[in-house]
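# Residue-level structural notes
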Amino acid sequence: MFCEEPKNPDMEISCSLKWIYEIISLFSLICSIFVVYATVKNIKMNIMHKLILQIILSEMLDEINILLSIVSDMEGRLRFENYDFRMYSCYTQIYLSVFSCLWTLTASLFISIKLYDIIIKKNKLFKKNSFLTKYVQHISLCVPLVLSYIFWAIHVNIRTSSLNKLSNIYVNKIQNNTQMIKLIFCWLNKELSISLACIVGLLIIGNLYFSIYKAYLFLKKMKDTILEQNEDNDVSNNDRIKNISQIQKILFLYPIITSIIWILFFLFIFFFNFTYKNKTSTGWNIVFCIFMAIRQIIYTLIYFLSQKKLRHYAYLVITFKTCCKNKIKDKKESSQN
């Protein structure tokens, strides 16, 4: 609606691709809001649930970040007259992008550590009233907040200093800077992207170390041992095997999926920025945009499908039975009074 077709289609993202991106993100945002509401309403929250919700909330921020492109497009193509307004939107997008990335990975890392603690350490790290039990949610939120601000501040200072050095910067640098356009939202420069990728790499290594190398392999070995000893097909052993398999399938998906998603994200970033000259080659750009837009849906679906109470509540909402239940409850309460 507000988008203007690019002057240089080879270097800028098309309006149709932007619309697809934004529509999928809006749909994903609505689904995420419903899942968060249903969770708070129906599920008794423990540390694991709270960390998973942090991932969903982080991805919701990224969805909002994508939708901010609509605000920028309302001002039309980047011009000298609207430069300040578009830069406010752009710098907001940069902060939200970096923060969403780090928050998702940090929350996922603590999920991996929590799994490792439950399975191997027998809740020694997250025992009652321990430091991690009290402050893990705050650490998971505050560390990404601070790191994101550092990256954001460095990027803004670099941009500001470059503007002060050249009077014709608008023509020479701003109009020809296509990095912000092809991703639909603004992103860090190349040097800061490399620095952020190093931190992301450490978080991913931590995720995979605790979730796969330690906890998953430990559970696999335990399950194999039970299978070997379960010659009489004992019911209790079968239940244990079933529970272990369920943990492996559901809880370990968050660290693994998170690691895969952000590895692919940075591979795309470096592919476009460092090696690929045609920034909007139709095939690769569509793949990248769809990947970016559906990653939020992936997290939400994993959580939603793994929670029986949420599935039941969604069924009641879709079939309008929640309204009937509320009416019956109100009638009972009024009759008792």
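What you see is a predicted model, and the numbers here were worked out from it, not measured in a lab.

Take the confidence of the model for the protein next. When pLDDT is averaged along the protein, the result is 76; 70% of the residues meet or exceed 70. Between residues 166–182, whose pLDDT stays under 50, and residues either more than four places distant or in other chains, the model counts 34 contacts. pLDDT under 50 marks residues 330–335. Its contacts with residues more than four places away, or in other chains, come to zero contacts.

Throughout the structure, instances matching the rule amount to 12 aromatic pairs. Centre to centre, the rings of tyrosine 209 and phenylalanine 210 are 5.2 Å apart; their planes meet at 80°, and the pair counts as edge-to-face. Following the ring pairs from residue to residue traces out a cluster consisting of Tyr116, Tyr209, Phe210 and Tyr213.

Quick look at the nonpolar core now. If you look at the biggest cluster of nonpolar residues, it comprises 68 residues, and the most contacted ones within it are Leu196, Val200, Trp262, Phe265, Phe266 and Tyr303. At the level of secondary structure, the elements contributing two or more residues to this core comprise α1 (15–42), α2 (47–74), α3 (83–119), α4 (131–165), α7 (190–229), α9 (253–275), α10 (282–306) and α11 (308–318). It is α3 that contributes the most residues to this core, 15 residues altogether.

Axis separation between α1 and α11 bottoms out at 10 Å; the angle between their running directions is 110°. Between α1 and α11, the interaxial angle falls into the category roughly perpendicular. At the point where α1 passes α11, the crossing takes the right-handed sense. Residues Phe34, Val35, Tyr37, Ala38, Thr39, Lys41 and Asn42 of α1 form the contact with α11, whose own contacting residues are Lys309, Leu310, Tyr313, Ala314 and Val317. The residue inventory of the contact of α1 with α11, partitioned by class, reads eight nonpolar, two polar and two charged.

Glancing now at a nonpolar patch on the surface. A cluster of nonpolar side chains, namely Leu145, Val146, Tyr149, Ile150, Ile154 and Ile158, defines an oily patch on the protein surface of about 510 Å² accessible area. If you trace the backbone, isoleucine 154 turns up in helix α4.

Mapped onto the elements, serine 140 comes out in helix α4. Dropping the residues within four chain positions of it, serine 140 is found in contact with Leu51, Gln54, Trp103, Thr106, Ala107 and Phe110.

Structurally, isoleucine 113 can be placed in helix α3. Classification of isoleucine 113 as buried rests on a relative accessible area of 14%. For the pair isoleucine 113 and phenylalanine 126, spaced 13 residues apart in the sequence, the C-alpha separation amounts to 9.4 Å. If we skip the residues at most four places from it in the chain, isoleucine 113 touches Leu125, Phe126 and Phe210.

Here we take up the packing of α1 against α2. Across the interface, α1 lies against α2 with an axial gap of 9 Å and an inter-helix angle of 145°. As for how α1 packs across α2, the hand of that crossing is left-handed. Together, Lys18, Tyr21, Glu22, Ser25, Leu26, Ser28, Leu29, Ser32, Ile33, Val35, Val36 and Thr39 of α1 and Leu53, Ile56, Leu57, Met60, Glu63, Ile64, Ile66, Leu67, Ser69, Ile70 and Asp73 of α2 make up the contact between the two elements. Residues of the contact of α1 with α2, tallied by class, amount to 14 nonpolar, five polar and four charged.

Definitions and limits used
Residues numbered from 1 in each chain as written. Predicted model: local features only at pLDDT ≥ 70, side-chain atom pairs only at ≥ 80, totals over all residues. Heavy atoms only, no water. pLDDT = per-residue confidence, 0-100. Contact = heavy atoms within 4.5 Å. Phe/Tyr/Trp six-rings, centres within 6.5 Å; stacked < 30°, edge-to-face > 60°. Core = buried A, V, L, I, M, F, W, Y, C linked by side-chain atoms within 4.5 Å. Buried < 20%, exposed > 50% of the residue type's maximum accessible area, 1.4 Å probe, protein only. Helix = DSSP H or I, 4+ residues; strand = E, 2+ residues; numbered from the N terminus. Axes fitted to C-alpha atoms, helices over the stretch in contact; angles between N-to-C directions. Parallel < 35°, antiparallel > 145°, perpendicular 65-115°, else oblique. Left-handed = near helix turned anticlockwise from the far one by under 90°. Nonpolar A, V, L, I, M, F, W, Y, C, P; charged D, E, K, R; others polar. Patch = residues over 30% accessible without salt bridge, like charges linked within 9 Å, V, L, I, M, F, W, Y side chains within 5 Å. Areas by Shrake-Rupley, 256 points an atom, 1.4 Å probe, with all protein chains shown as cover. Salt bridge = Lys/Arg side-chain N within 4 Å of Asp/Glu carboxyl O.

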